[in-house]
Amino acid sequence: TNLISNAIVHSQSGSKIEIEINSAGPAILTVSNPVESTIADPQKLLEPFVKGTSHRGDKTGSGLGLAIAKNNLEALRYDLGVECKDNKFIAKISK
């Protein structure tokens, strides 16, 4: 739920949030932003206290959300990977 709440809270107005769950592959959360996002190295967002640029202009959040989600998933033997492409932030949960 942390990934979903982060997607809602930190996406700009007009963003589209999609969740794809497939038994044969990774679970995928995709946030499509109406304007280009600039995140040079999305993997850094998985580190504690690293925050992306919020297009909503708010300064909320500690930069721990994705790091906590990653640690929780690793405890369950899952991997969390993130990428940014074509104005989309994509988080993949895989075994």
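Residues numbered from 1 in each chain as written. Predicted model: local features only at pLDDT ≥ 70, side-chain atom pairs only at ≥ 80, totals over all residues. Heavy atoms only, no water.

Student: Give me a nonpolar patch on the surface: which residues, what numbers.
Tutor: Taken together, the side chains of Ile4, Ile8, Val9, Ile17, Ile19 and Ile21 present a nonpolar region at the surface, about 550 Å² in accessible area. Of all the secondary structure elements, the ones that give two or more residues to the nonpolar patch are α1 (2-10) and β1 (16-20). Here the element with the most residues in the nonpolar patch is α1; it accounts for three residues. By the secondary structure assignment, Ile19 is in strand β1. (Patch = residues over 30% accessible without salt bridge, like charges linked within 9 Å, V, L, I, M, F, W, Y side chains within 5 Å. Areas by Shrake-Rupley, 256 points an atom, 1.4 Å probe, with all protein chains shown as cover. Salt bridge = Lys/Arg side-chain N within 4 Å of Asp/Glu carboxyl O. Helix = DSSP H or I, 4+ residues; strand = E, 2+ residues; numbered from the N terminus.)

Student: How would you explain unusual backbone geometry if you had to name every residue and give the values?
Tutor: Despite not being glycine, Phe49 has its phi angle at roughly 70°, a positive value. Looking at the secondary structure, you find Phe49 in the loop between β2 (27-32) and α2 (65-75).

Student: Go over the pairing of strand β4 (residues 88-94), please, and point to the residues and values.
Tutor: Alignment of β2 against β4, held across six bridges, turns out to be antiparallel. Within β4, the residue paired with Val31 across the bridge is Phe89. Where strand β3 (residues 79-85) meets β4, seven bridges bridge the pair, whose relative direction is antiparallel. Residue Val82 lies in a different strand from β4, and its bridge partner there is Ala91. Linking β3 to β4, which pair antiparallel, is a turn of two residues; within it Asp86 sits at a positive phi near 50°. (Pairing = 2+ DSSP bridges.)

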